[in-house]
Amino acid sequence: MTRVFNFSPGPATLPEPVLRKAAEEMIDWHGSGMSVMEMSHRGKEFISIHAEAESLLRELLGVPANYKVLFLQGGAIGENAIVPMNLIGKSGKADYVNTGEWSKKSIKEAKTYGKVNVAASSEAGHFTAIPKQSEWKLDPEASYVHICSNETIGGVEYHWTPDTGKVPLVADMSSNIMSRPIDISKYGLIYAGAQKNMGPSGVTVVIVRDDLLGHALPITPSAFNYQLQAENDSMYNTPPTYAIYIAGLVLKYIKEQGGLKAMEAHNKAKAAILYDFLDNSGFYRNPVAKDDRSLMNVPFKLKDDSLDEAFLKGAQAKGMIQLKGHRSVGGMRASIYNAMPIEGVKALVAYMKEFEAQHG
Ligand SMILES: *Cc1c(COP(=O)(O)O)cnc(C)c1O
């Protein structure tokens, strides 16, 4: 069996021990005589799987007691509507910071549900930096301030936490949750699809402060009403059971590896190898401001984009896949989430050197 180095932005590579464990438990989970897929979500077996996933997530992220952890469906794009439906009703308006393609999508969707103020934007600079907080024009009456903590496409990431005073900070953390420790108490709400750094697609994690529950617009579907889901332990509707189980295995694996501090060290080491190489190259280039570079998604361009296809083909031949950049920015992108081993990044850089020597 050969596993590739999979640089996909998502669904993304998962830790091999997690996949092996899932394979081992596929037919008969812990002597239950059932696969997790076949279990009632209200049976004692699945209730224990669900509770363990939540407790690991709370432990790893240090989630305070006055926050609910929900496991929902709909993905981060679903949350682009679900967040305003649940939170914007307080004042009818919200602030959004525009740092790239994912923020843009969030902003567009939110406009259906209330008044959206774009408090800051890096669009004029082609989304290559995070706007400094001193430049943000925040509305003290906003129901919340929305950011995307890591722009998966543009490769820009917040390495600081905005201070929004009494206005709750909401973050789309789909592509950097679990990559390093964060202070949950600085946020009102965090959401993340699992398929980048936490598990398979199908489950969306929402971490929400208690006082933000109970303000949903009347049009909010019951399955997407945070308060109703919180009251029902995320089981108002059938939760994505198998995806929650795999996420639980991933969280357990992260804990065994030393938790989020260890993940951060591992991710910094990987990103440094790649960015150092890019910065010392005249052939490859990353356009992002150094302070705002993502540890998770590293976009880069070749000197001559007519070589892109040859680059991708050569990478594939060496077992390195999914390096093509997003169509909106072109070039390449290496996504190097928690589960990407350092060997994968070293192999990529070795290949990049070799390719440059042949074509540079
Ligand atoms: C992948 C991604 C999304 C989209 O997630 P879906 O599961 O397709 O809804 C949204 N935001 C960010 C930051 C992402 O990385």
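Keep in mind that what you see is a predicted model, and the values were worked out from it rather than measured.

Reading guide: rules and limits
- Residues numbered from 1 in each chain as written.
- Predicted model: local features only at pLDDT ≥ 70, side-chain atom pairs only at ≥ 80, totals over all residues.
- Heavy atoms only, no water.
- Domains from an automatic or database assignment.
- Contact = heavy atoms within 4.5 Å.
- Buried area = accessible area lost by both parts, 1.4 Å probe.
- Salt bridge = Lys/Arg side-chain N within 4 Å of Asp/Glu carboxyl O.
- Polar contact = N/O pair within 3.5 Å; in protein donor to acceptor, adjacent residues only side chain to side chain.
- Pairing = 2+ DSSP bridges.
- Helix = DSSP H or I, 4+ residues; strand = E, 2+ residues; numbered from the N terminus.
- Buried < 20%, exposed > 50% of the residue type's maximum accessible area, 1.4 Å probe, protein only.
- Right-handed = clockwise from strand over helix to strand, strands pointing away.

### Quick word on the domain arrangement of the protein chain
You can read the domains of the protein chain as domain 1 (17–256) and domain 2 (259–359). A C-alpha centroid distance of 27 Å is found between domain 1 and domain 2. At the interface, 24 residues of domain 1 touch 24 residues of domain 2. Taking both sides of the interface into account, the surface hidden between domain 1 and domain 2 amounts to around 2,000 Å²; carbon and sulfur atoms contribute 57%. On inspection of domain 1 and its partner domain 2, the count reaches zero salt bridges. Along the contact surface separating domain 1 from domain 2 lie 14 residue pairs in polar contact (both at pLDDT 80 or more).

### Observations regarding the sheet that holds strand S11 (residues 284–285)
Spatially, S11-S12-S14 is the arrangement adopted by the three strands of the open sheet, whose pairing is antiparallel. Two strands close off the open sheet at either side, each with one partner strand: S11 and strand S14 (332–335). The pairing of strand S12 (residues 297–302) with S14 spans four bridges and is classified as antiparallel. When the bridges of S14 are listed, Phe300 appears paired with Met332.

### A few points about the side chain of Ser174
For Ser174, the position within the fold is in the loop between strand S8 (169–172) and strand S9 (189–193). Judged by its relative accessible area of 7%, Ser174 falls in the buried class. A distance of 2.8 Å separates the side chain of Ser174 from the side chain of Asp172, its partner in a polar contact. At 3.2 Å, the side chain of Ser174 forms a polar contact with the backbone nitrogen of Gly193. For Ser174, the contacting residues outside a window of four places in its chain are Ala76, Tyr191, Ala192, Gly193 and Lys196.

### Some points on the pairing of strand S4 (residues 115–121)
A regular strand places its side chains so that they alternate between the two faces of the sheet. Alignment of strand S3 (residues 93–98) against S4, held across six bridges, turns out to be parallel. The residue bridging Val97 from the neighbouring strand is Ala120, located in S4. Each parallel crossover has a hand, and the one from S3 via helix H4 (residues 101–110) to S4 is right-handed.

### What to know about the pattern of salt bridges
In total, this model carries 18 salt bridges according to the counting rule given. Among the salt bridges present, the one from Glu59 reaches Lys255, with a minimum N-O distance of 3.1 Å. Placement of the pair is Glu59 in helix H2 (residues 44–61) and Lys255 in helix H6 (residues 241–256), with a sequence separation of 196 residues. You can call Glu59 partly exposed: its relative accessible area is 47%. Across the salt bridge formed by Asp210 and Lys68, the nearest N and O atoms sit 2.9 Å from each other. Here the residue Asp210 occupies a position in the loop between strand S10 (204–209) and helix H5 (226–231), and Lys68 occupies one in strand S2 (residues 67–72), the gap between them amounting to 142 residues. On the accessibility criterion, Asp210 (28% relative accessible area) is partly exposed. You can call Lys68 partly exposed: its relative accessible area is 29%.

### Examining the side chain of Ser294
Examined against the element boundaries, Ser294 turns out to sit in the loop between S11 and S12. Take Ser294: its relative accessible area is 0%, and that puts it in the buried class. Within the local environment of Ser294, its side chain forms a polar contact with the side chain of Asn150, the two groups lying 2.7 Å apart. Side-chain polar atoms of Ser294 contact the backbone nitrogen of Met296, separated by 2.9 Å.

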